[in-house]
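Understanding the architecture of this molecule
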Amino acid sequence: MDDFHTRALSSLHQQIAHASIPEDTSNTTTTSFNPNIYAKSLVEDDDIPKIDSAVKSYLSLVAARSVVASDIDVISVASPSDAVRRCVSMVGGGDEEYGKNVQCTFTSSTLSSSTTMNTTDANRCALACARTLLTTINSTCIPQPTGEDEATTTSSDETQEKKEVQMQNDTIRILWNGLVNTSTSESASSLDKKQLKPSKLLGRNCLMVAYPYVVERFHRGVEKTRTGAPKEEEAGDDATAVKAQSNPMNTHSDEVLPPVLPPKGIDVTQWQAFYVEFGNILKQAVDVYNKSDDSTAITSTSSDCNLVWATDKGVKELERRRQMRALRASEALAAESDVATDSSRI
């Protein structure tokens, strides 16, 4: 794998040399930014687990949850009237409070009528969604910032911290797009196509930048499924501008962010719940782990991000959950014993 890391970084260095991401020499303090050093930290061991590993952990979580869930459990969190249908919140175009409690669970009631899957085969449902998620992640390029965004991010009164964040995002964009282009290139070797993918080499910090565009492709696919036709801009330029302002993703055409249809045989609502919950867990992980020097740290309350994005692959969180279940079982048995004792005295 070191050889793949070396080739990925070598390609990135060449791209940075031709891109407008100069090293930050405006500040002589230790906070100066070097895109090559930052890129190396993302590809190597500073940003782990990698996306591929996290998606597999999430797949296992959803499948395990589905095995023990009832139809009533699923309906209560994934009703059509629920905020699941407003998945654009992940890309800044909808209800920002959306989806915080959404959990994807597959049961017989959540499979489409045309599916040939066994109603108890939660693993196959989760696997179908995970494959579509990974395929889309590895084929989605991060678009260039719009002219308005560039003007905002390069204003003279911008703080050093904001400038560094923008340079980090630019470096991620170049690295990410380079891997996407390499892995999808017809001239690339079969080994490069398999290994030089964003999901194989990059982790949550890079995915946090790319995931809004992945979600937008899913959202467009859902809309295409419901309307039966691709989006068409029949309104005038003014209406288009208003629409773009409400959701900045609308400034990117379907050619830039092509729609991705839901996996075959999977209910649209559950497909939305699958990719939105994964995005919520990603955001939780970034918020939690990036504030701590220890990425294996367990938050004060149980969280699925500790199963999906912890470097120990959820070992500590699983143990904590086992201990909590054992404690609850012990307390229940003690309470039952007390009731039986009281009844015998009557």
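Residues numbered from 1 in each chain as written. Predicted model: local features only at pLDDT ≥ 70, side-chain atom pairs only at ≥ 80, totals over all residues. Heavy atoms only, no water.

Overview of the pattern of salt bridges
Definition in use: A side-chain nitrogen of Lys or Arg and a carboxyl oxygen of Asp or Glu constitute a salt bridge if their distance falls within 4 Å. The secondary structure listing takes helices from DSSP runs of H or I that are at least 4 residues long and strands from runs of E that are at least 2 residues long, numbered from the N terminus. For each residue, the accessible area found with a 1.4 Å probe, counting protein chains only, is set against the maximum for its type, and the residue is called buried under 20%, exposed over 50%, and partly exposed in between.
Counted according to the given criterion, the structure contains seven salt bridges. Between R65 and D304 there is a salt bridge, with its nearest N and O atoms 3.3 Å apart. Pair noted here: R65 is in helix α3 (residues 51-68) and D304 is in the loop between α12 (268-289) and α13 (305-308), with a separation of 239 residues, a long-range link. The same class applies to R65 as to D304, namely buried. Residues participating in the shared-partner salt-bridge network are R65, E277 and D304.

So, the state of the cysteines
Here, disulfide denotes a covalent bond that connects the sulfur atoms of two cysteines. Note the threshold: Any cysteine sulfur atom paired with another within 2.5 Å is treated as part of a disulfide.
Scanning all chains against the criterion turns up zero disulfides. Looking at C104, it has no disulfide partner, and the nearest cysteine sulfur is the one in C129, 5.9 Å off.

Side note on unusual backbone geometry
The residue after I48, namely P49, is reached through a cis peptide bond having omega 0 degrees. Take P49: it is sitting in the loop between α2 (35-43) and α3.

Brief notes about the nonpolar core
What counts is decided by this rule: Residue types Ala, Val, Leu, Ile, Met, Phe, Trp, Tyr and Cys, when buried and joined through side-chain atoms within 4.5 Å, form a set referred to as a nonpolar core. In this description, contact between two residues means that some pair of their heavy atoms is separated by no more than 4.5 Å.
Judged by nonpolar contacts, the single largest core of 63 residues is most densely connected at W176, F274 and W309. Of all the secondary-structure elements, those providing two or more residues to this core are α2, α3, α5 (122-137), α7 (160-184), α10 (204-227), α12 and α13. Of all the elements, α12 adds the most residues to this core, at 12 residues. In this structure, W176 is in contact with I51, I137, T140, I142, P198, L202, C206, L207 and A210, ignoring residues within four places of it in sequence.

Here's the deal with the confidence of the model for the protein
Definition in use: Confidence scores here are pLDDT values: one per residue, from the predictor, ranging 0 to 100.
Predicted confidence across the protein gives a mean pLDDT of 74, with 63% of residues reaching 70 or more. Predicted confidence is poor over residues 70-98, with pLDDT under 50, and the contacts of this stretch with residues over four places away or in other chains come to 56 contacts. Taken as a whole, residues 232-236 scores under 50 in pLDDT and shows three contacts with residues more than four places along the chain or in a different chain.

A word on the packing of aromatic side chains
For the record, the criterion: The rule is short: rings of Phe, Tyr and Trp, with Trp giving its six-membered ring, pair when the centres are within 6.5 Å, and they are stacked under 30 degrees, edge-to-face over 60, tilted in between.
Taken as a whole, this structure holds nine aromatic pairs when the rule is applied. Judged by centre distance (4.8 Å) and plane angle (40 degrees), the ring pair of F218 and Y275 falls under tilted. Here the residue F218 occupies a position in helix α10, and Y275 occupies one in helix α12, the gap between them amounting to 57 residues. When its relative accessible area of 0% is taken as the criterion, F218 is described as buried. Judged by its relative accessible area of 0%, Y275 is buried. Connected via pairs of aromatic rings, a cluster forms that spans Y58, Y211, F218, W271, F274, Y275, F278 and W309.

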